[in-house]
Amino acid sequence: MGKNKIRLILIAVLTLTLLGGIALYGLAIIPEKELNPGDMLGIFIPLLLVVFMTFLILRRYKDIKQGMPLEDERSRKVIIQAAAKSFYVSLYWLLCISFFESFFANKLFGLEHLDAGQTVGGGIAGMAVAFSIFWIYYDRKGKLI
Amino acid sequence: MKNRIKELRAKYNLTQEDLAKKVGVRRETIVFLERDKYNPSLYLAYKVAKALKVTIDELFNFEG
């Protein structure tokens, strides 16, 4: 099996694992209590990532069928630039979470403080969203360093 | 940096996809190259020039 196909299968497996995790999380919390904004974000953001990854997998599958490489120098540059920009954004996002921790805890979960899992989860979600947005921007814009 | 990729591609009746396969890159890379929105590495510039049977100087025109 080609290297490209193996990589695509791995990405598909990761996406399915994430979807499975979302389903389990949803099944665990939905029947137990009324969902607060934080719980809904915990489902919505990973779901958004699953949709994004599914779109990517279908596009890449079509490319493999046509004999196109999964990545080339330009696509690697797009990833590198998106990663660099999202790193800077995530630094400010993490600072924002730490400064406004009580506000987020109160508004999203109805709590006084965020626990470690919620803080880390929020940080990672922000980084993932930032990376996705920058990836789409640089992929469409064209002008790269 | 301007280039003659589209002109030479038409001369050899190649689609963007054909050229991309010949050079070993994704079709979007050829699209952005033709629109002067991507500056290729020297290696990629050489591969594109070789695929279109010209030299790098004949293919790309650096304005500046």
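Residues numbered from 1 in each chain as written. Chains lettered and ligands numbered in written order. Predicted model: local features only at pLDDT ≥ 70, side-chain atom pairs only at ≥ 80, totals over all residues. Heavy atoms only, no water.

Peer 1: What exactly am I supposed to notice about the overall build of chain A here?
Peer 2: Scanning chain A from terminus to terminus reveals five helices and zero strands. Start at the N end of chain A and walk to the C end: the helices and strands fall as α-α-α-α-α. In terms of overall dimensions, chain A has C-alpha extents of about 55 × 35 × 20 Å along its principal axes. Here chain A holds 145 residues, and 31% of them are scored as buried. Relative to all contacts within chain A whose residues are 6 or more apart in sequence, the contacts with residues 24 or more apart total 73%. For chain A, the centre of its 16 positive side-chain charges and the centre of its 11 negative side-chain charges are spaced 16 Å apart. (Helix = DSSP H or I, 4+ residues; strand = E, 2+ residues; numbered from the N terminus. Buried < 20%, exposed > 50% of the residue type's maximum accessible area, 1.4 Å probe, protein only. Contact = heavy atoms within 4.5 Å. Lys, Arg positive; Asp, Glu negative; His and termini not counted. Charge placed at Lys NZ, Arg CZ, Asp CG, Glu CD.)

Peer 1: I tried to follow unusual backbone geometry on my own but got confused; where do I start?
Peer 2: Backbone geometry follows two general trends: most residues other than glycine have a negative phi, and most peptide bonds adopt the trans configuration. All names here are of chain B. Of note, N13 is a non-glycine position whose phi angle comes to about 55°, a positive value. Phi at D36 is positive, roughly 60°, even though this residue is not glycine. Secondary-structure assignment places D36 in the loop between α3 (27–34) and α4 (42–51). D36 sits in the partly exposed class, given a relative accessible area of 22%.

Peer 1: Just to check I follow, could you spell out the pattern of salt bridges for this structure?
Peer 2: Per the counting criterion, the structure on display carries 11 salt bridges over all chains. As a salt-bridge pair, R26 of chain B and D63 of chain A come within 2.4 Å of each other at their nearest N and O atoms. Placement of R26 of chain B in the loop between α2 (16–23) and α3 and of D63 of chain A in helix α2 (residues 37–65) is noted, with the two residues assigned to different chains. Given a relative accessible area of 2%, R26 of chain B falls into the buried group. A salt bridge links R26 of chain B to E28 of chain B, with the shortest nitrogen-to-oxygen separation between them at 2.9 Å. With relative accessibility at 22%, the residue E28 of chain B sits in the partly exposed group. (Salt bridge = Lys/Arg side-chain N within 4 Å of Asp/Glu carboxyl O.)

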